[in-house]
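So the chains spell out like this:
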Amino acid sequence: MTYAIAHLTITDLDKFAAYRDVAGEALAKHGGAVASASRELTAIDGAPALHDTVAVLTFPDTQSAQNWINDPALVDIHALRRGAGQSDIVVLG
């Protein structure tokens, strides 16, 4: 299993709500899922920049994560997320 961390700073709540409505199905297309997500973040060490939302995503492997982000059929869905604010996604491993 491969994990990815999505750091989101939401500036358009309507676009983000529209994204949330379709994100799960888009992830599932490539074997992905949201393992956990929260808007309640607490730094316990150091001084990290805290985003509005952090999500932990799971994929069967790194290639599945790459396929999800590069899937031409999901361009509009990724555009919704990107249009909702700043988003950075990092794959672990």
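Residues numbered from 1 in each chain as written. Predicted model: local features only at pLDDT ≥ 70, side-chain atom pairs only at ≥ 80, totals over all residues. Heavy atoms only, no water.

## Let's talk about the overall build of the protein chain
At step 1: For the protein chain, the helix and strand inventory stands at three helices and four strands.
At step 2: Counting helices and strands in the order they occur from the N terminus, the protein chain gives β-α-β-β-α-α-β.
At step 3: Rg of the C-alpha trace for the protein chain: 13 Å, near the compact-globule value of 12 Å for 93 residues, within the 12% margin.
At step 4: Overall, the protein chain is about 35 × 30 × 15 Å in size when its C-alpha atoms are taken along their principal axes.
At step 5: Per-residue burial for the protein chain yields a buried fraction of 32% across its 93 residues.
At step 6: Long-range contacts, defined as pairs at least 24 residues apart, comprise 72% of the intrachain contacts of the protein chain with a sequence gap of at least 6.
At step 7: Total accessible area on the protein chain stands at roughly 5,600 Å², and carbon and sulfur atoms take up 53% of it.
At step 8: Across the protein chain, the centroid of the 6 positively charged side chains sits 4 Å from that of the 11 negatively charged ones. (Helix = DSSP H or I, 4+ residues; strand = E, 2+ residues; numbered from the N terminus. Rg over C-alpha atoms; globule rule 2.2 N^0.38 Å. Buried < 20%, exposed > 50% of the residue type's maximum accessible area, 1.4 Å probe, protein only. Contact = heavy atoms within 4.5 Å. Areas by Shrake-Rupley, 256 points an atom, 1.4 Å probe, with all protein chains shown as cover. Lys, Arg positive; Asp, Glu negative; His and termini not counted. Charge placed at Lys NZ, Arg CZ, Asp CG, Glu CD.)

## Overview of helix α3 (residues 75-83)
At step 1: Among the residues making up α3, those that are buried are Ile77, His78 and Arg81. Projected down its long axis, α3 shows its buried positions confined to an angular sector of 95°, all on one face.
At step 2: For α3, the elements touching its buried residues are β1 (2-10), α1 (13-28), α2 (62-70) and β4 (85-92). (Arc of directions from axis to C-beta.)

## Concerning the nonpolar core
Buried together is how nonpolar side chains tend to be arranged in soluble globular proteins.
At step 1: Ranked by size, the top nonpolar core spans 17 residues in total, and within it Phe16, Tyr19, Leu57, Phe59 and Trp68 carry the most contacts.
At step 2: Only β1, α1, β3 (53-59) and α2 provide two or more residues apiece to this core.
At step 3: Broken down by element, this core gets its largest block of residues, five residues, from α1.
At step 4: Among all residues touching leucine 57, those that are not within four sequence positions of it are Thr2, Tyr3, Ala4, Leu27, Ala33, Val34, Ala35 and Trp68. (Core = buried A, V, L, I, M, F, W, Y, C linked by side-chain atoms within 4.5 Å.)

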